[in-house]
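The chain contents come next:
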Amino acid sequence: MSISPYFLDLRSAYQSEIDDLRFDSEGRDVLQQRLASKRQQIGFLVQMMDISPEMVAVVFQQGFDFTDKAVMEHLLLQSEDSFPSWSSLAGGFTLAPWARDLATIVSQAPGGDKFLVVTAGLEYMAGLPVAAGIIVSDEDGDEDEDRDQDGDDELVIFEDDGEGGQGSDARTRQEAGADWLVQQGFDQKD
């Protein structure tokens with residue numbers, strides 16, 4: 001699967017945002033509660049759409065049901081200045097009722113349609129199998145042969161840790177955080 005550099009860069013920022021929201025200070029998975037809270041703040045968050053789209057896009061997590069892979073995969077080839085319109089993507093997915101309500105609010109804000117297109121791309125990538133190979137494409141949709149020294153396509157493989165790609169990284173961060181707290185004089189959590 002080919003992805004433009006724009007979406008590839010945003011993909012990692014989006015995943016980091018999800019990871020940051022996932023656990024509280026005691027290591028409990030609180031992602032759904034935090035997303036619900038962010039969804040209630042959408043009127044405020046739309047101000048951040050242009051600056052940090054990944055921070056706002058997370059409110060749509062699991063709100064898309066993708067029905068036409070070809071439409072979405074074509075979107076992922078596009079650079080930021082050649083995105084299709086939000087309405088032209090409508091045949092590629094359906095939105096959950098709560099996500100439709102959020103999309104209505106977002107689309108009324110300046111830049112809302114473009115943001116929704118970006119969000120659809122991010123959500124589509126988030127739902128891909130973790131072990132999917134991704135070929136980085138340049139802005140005209142061709143595979144980028146200048147990305148590595150030998151002229152071959154750069155293939156980025158996301159390894160499957162058996163827990164959706166998030167479990168081991170989150171645990172490692174959790175353990176490092178717990179070790180740091182102990183070093184600062186806090187009692188070790190059992």
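Residues numbered from 1 in each chain as written. Predicted model: local features only at pLDDT ≥ 70, side-chain atom pairs only at ≥ 80, totals over all residues. Heavy atoms only, no water.

## Examining the confidence of the model for the protein
Then step 1. The predicted model of the protein has a mean per-residue pLDDT of 80, with 76% of residues at 70 or higher.
Then step 2. Of all helices and strands in the protein, the one with the weakest mean pLDDT is strand β5 (residues 155-157) (36), whereas helix α6 (residues 97-107) scores best (95).
Then step 3. Of the regions scoring below 50 in pLDDT, residues 135-166 engages in 65 contacts with residues more than four places distant in sequence or in other chains. (pLDDT = per-residue confidence, 0-100. Helix = DSSP H or I, 4+ residues; strand = E, 2+ residues; numbered from the N terminus. Contact = heavy atoms within 4.5 Å.)

## Topic: the environment of Ile 3
Then step 1. Structurally, the position occupied by Ile 3 is in strand β1 (residues 2-3).
Then step 2. Owing to a relative accessible area of 0%, Ile 3 belongs among the buried residues under this scheme. (Buried < 20%, exposed > 50% of the residue type's maximum accessible area, 1.4 Å probe, protein only.)

## Observations regarding the packing of aromatic side chains
Then step 1. Under the counting rule described, the total for this entry stands at ten aromatic pairs.
Then step 2. Consider the rings of Phe 66 and Phe 93, whose centres lie 6.2 Å apart with planes at 70 degrees: the pair is edge-to-face. Of this pair, Phe 66 sits in strand β2 (residues 64-66) while Phe 93 sits in strand β3 (residues 93-95), and the two are 27 residues apart along the sequence.
Then step 3. Given a relative accessible area of 24%, Phe 66 falls into the partly exposed group.
Then step 4. Classification of Phe 93 by relative accessible area gives buried; the value is 7%.
Then step 5. When the centroid spacing of 5.2 Å and the interplanar angle of 35 degrees are considered together, the rings of Trp 86 and Phe 93 count as tilted. (Phe/Tyr/Trp six-rings, centres within 6.5 Å; stacked < 30°, edge-to-face > 60°.)

## A look at unusual backbone geometry
Then step 1. A positive phi angle, close to 65 degrees, is found at Gln 62, a residue other than glycine.
Then step 2. For Gln 62, the location among the structural elements is in the loop between α4 (53-57) and β2.

## Let's talk about the nonpolar core
Then step 1. Ile 42, Phe 60, Trp 86, Phe 93, Val 106 and Phe 115 are the most contacted members of the largest nonpolar core, which has 42 residues in total.
Then step 2. Elements with a contribution of two residues or more to this core: α1 (5-22), α2 (31-40), α3 (42-45), α4, α5 (69-77), β3, α6 and α7 (112-126).
Then step 3. Here this core takes eight residues from α7, the largest share from any one element.
Then step 4. Among residues more than four places away in sequence, those in contact with Ile 42 are Val 56, Val 59, Leu 102, Ile 105 and Val 106. (Core = buried A, V, L, I, M, F, W, Y, C linked by side-chain atoms within 4.5 Å.)

## So, α7
Then step 1. If you check α7, its first and last C-alpha atoms are 21 Å apart, about what 15 residues at 1.5 Å a residue would give, namely 21 Å.
Then step 2. Within α7, the full set of buried residues consists of Gly 112, Phe 115, Leu 116, Val 117, Val 118, Thr 119, Ala 120, Gly 121, Leu 122, Glu 123, Tyr 124 and Met 125. (Expected span 1.5 Å × (residues − 1).)

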